[in-house]
Number of protein chains: 2
Amino acid sequence: MKNPPALEQLIAALKVLPGVGPKTAQRMAFHLLQRDKKGADKLARALDKALTQLTHCQRCNTFSETELCPICADEARRQDQLCIVEMPADLMMLEQAKCFEGLYFVLMGRISPLDNIGPKDLNLDKLLPRALDGRVSEVVIATNFTAEGEVTAHMLSELFKDRGLAVTRIARGMPVGGELEYVDLGTLAQAVYERRGVS
Amino acid sequence: MKNPPALEQLIAALKVLPGVGPKTAQRMAFHLLQRDKKGADKLARALDKALTQLTHCQRCNTFSETELCPICADEARRQDQLCIVEMPADLMMLEQAKCFEGLYFVLMGRISPLDNIGPKDLNLDKLLPRALDGRVSEVVIATNFTAEGEVTAHMLSELFKDRGLAVTRIARGMPVGGELEYVDLGTLAQAVYERRGVS
């Protein structure tokens, strides 16, 4: 006794989603077919639409439906600062924080040997000419402070060494509102090592 | 700055999957579009195919591409025993265990007030004539031993009371290979309460 082929194929197809194994895929398939056929149809349509309509911004590499994303097309932004992030979600967080007025470059990943993602997968062929366009004077590396993000940051700093650009890294330290008693020790230690002069 | 509409729609559509919230949906969308476009296309196709081709077996209510599923169509199976399970996955487990030669009925759910699923959602209008076809003499309730499964089992036993059928429930107790030291106390207590005579 096996599931009917169309069901088996759906379960197999759901396993392409990150973090979804056989059991979860089966649960998802049952849910869609039993309780949310409309949602399943919406998902199929959205996948089709995203696959056909989404491309990458030619300048910053984020997902976009147009040749230039709205940020890159915005002439009012500072053209001399280029912030490098791992994913579009990171870009969006920075925009929400309203802390940066320059432009971005989205790597669409981070160096991760376990996932078989090396420097060649990070669109460096697009990043290098972008950063060396003559208008950018500072590259702000804003990859995550995870092991993979730090390795990626190191690789990027090596890449831009001796190219006449200022290369910076966003700061590590205590979170805003953070209490010393409850923050993790690694963060606390970094906050001490990277302490800044006041006044 | 927002994601482009096609991407926002895909993220929203992925949230129909059980257990997938906004952050996971975003991660899934990025993964599909960045690392597995072929998988995304496969998923869209599989959803379409499942939605058009899958229906329910007219006798046992499990997912099927044919009017009768292979088990119900199998004349060699015992026609006098009807095992009631919550989901097709449960049926498949019983089949893999090769412990039951009768036929099944799949409720496609369990009573779950939290999810707004009551008796009326459990295909009882299909179950009752099926069980009372004159050939079935024993109904084996094999819903899960969760709170919801137990409530469902109780409702089923009430449903079949005084209808001239033997109603049984699969046994609770120690797992095969289980050690008393490591089994949870609830299971151990049930195993003692429901102890059986030997020879």
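Attention here is on the structure that accompanies the text. Being a predicted model, the structure only gives us computed values, none of them experimental.

Bringing the overall build of chain A into the picture now. When helices and strands are counted, chain A shows 8 helices and 6 strands. Counting helices and strands in the order they occur from the N terminus, chain A gives α-α-α-β-β-α-β-α-β-α-β-α-β-α. Relative to its length of 199 residues, chain A is extended, with a C-alpha radius of gyration of 21 Å against a globular reference of 16 Å. Structurally, chain A occupies a C-alpha span of about 70 × 45 × 30 Å along its principal axes. Burial statistics for chain A: of 199 residues in total, 44% are counted as buried. Sequence-distant contacts in chain A: of pairs separated by 6 or more residues, those separated by 24 or more amount to 48%. When the accessible surface of chain A is summed, it comes to about 10,800 Å², and 53% of that surface belongs to carbon and sulfur atoms. The average position of the 25 basic charges and that of the 26 acidic charges among the side chains of chain A differ by 6 Å.

The next point concerns the packing of aromatic side chains. Enumeration over the complete set of coordinates arrives at 4 aromatic pairs over all chains. The ring of Phe145 of chain A has Arg169 of chain A sitting right over it, with the charged end atom 4.1 Å from the ring centre.

It is worth spelling out the sheet that holds strand β6 (residues 166-169) of chain A at this point. Strand pairing in a sheet is mediated by backbone hydrogen bonds. Such pairs are either parallel or antiparallel. Residues and elements named next belong to chain A. In space, the 4 strands of this open sheet follow the order β4-β3-β5-β6, with parallel pairing throughout. Two strands in the sheet have a free side with no partner beyond their single neighbour: β4 (103-106) and β6. The average angle at which neighbouring strand axes cross in this sheet is 25°, direction not considered. As judged from the 4 bridges shared by strand β5 (residues 138-141) and β6, these two strands associate in the parallel manner. Pairing of Val140 across the sheet is with Thr168, part of β6. With respect to the sheet, helix α5 (residues 88-97) is in contact with β3 (81-85) and β4, its orientation differing from that of β4 by roughly 160°. Those strands touched by helix α7 (residues 147-160) are β3, β5 and β6, and its axis lies near 170° from that of β6.

Moving on to the environment of Lys161 of chain A. All names here are of chain A. In this structure, Lys161 sits in the loop between α7 and β6. Judged by relative accessible area, which is 47%, Lys161 ranks as partly exposed. Between the C-alpha atom of Lys161 and that of His56, which follows or precedes it by 105 residues, the distance is 27 Å.

The rules behind each value
Residues numbered from 1 in each chain as written. Chains lettered and ligands numbered in written order. Predicted model: local features only at pLDDT ≥ 70, side-chain atom pairs only at ≥ 80, totals over all residues. Heavy atoms only, no water. Helix = DSSP H or I, 4+ residues; strand = E, 2+ residues; numbered from the N terminus. Rg over C-alpha atoms; globule rule 2.2 N^0.38 Å. Buried < 20%, exposed > 50% of the residue type's maximum accessible area, 1.4 Å probe, protein only. Contact = heavy atoms within 4.5 Å. Areas by Shrake-Rupley, 256 points an atom, 1.4 Å probe, with all protein chains shown as cover. Lys, Arg positive; Asp, Glu negative; His and termini not counted. Charge placed at Lys NZ, Arg CZ, Asp CG, Glu CD. Phe/Tyr/Trp six-rings, centres within 6.5 Å; stacked < 30°, edge-to-face > 60°. Lys NZ or Arg CZ within 6 Å of the ring centre and 35° of its normal. Pairing = 2+ DSSP bridges. Axes fitted to C-alpha atoms, helices over the stretch in contact; angles between N-to-C directions.

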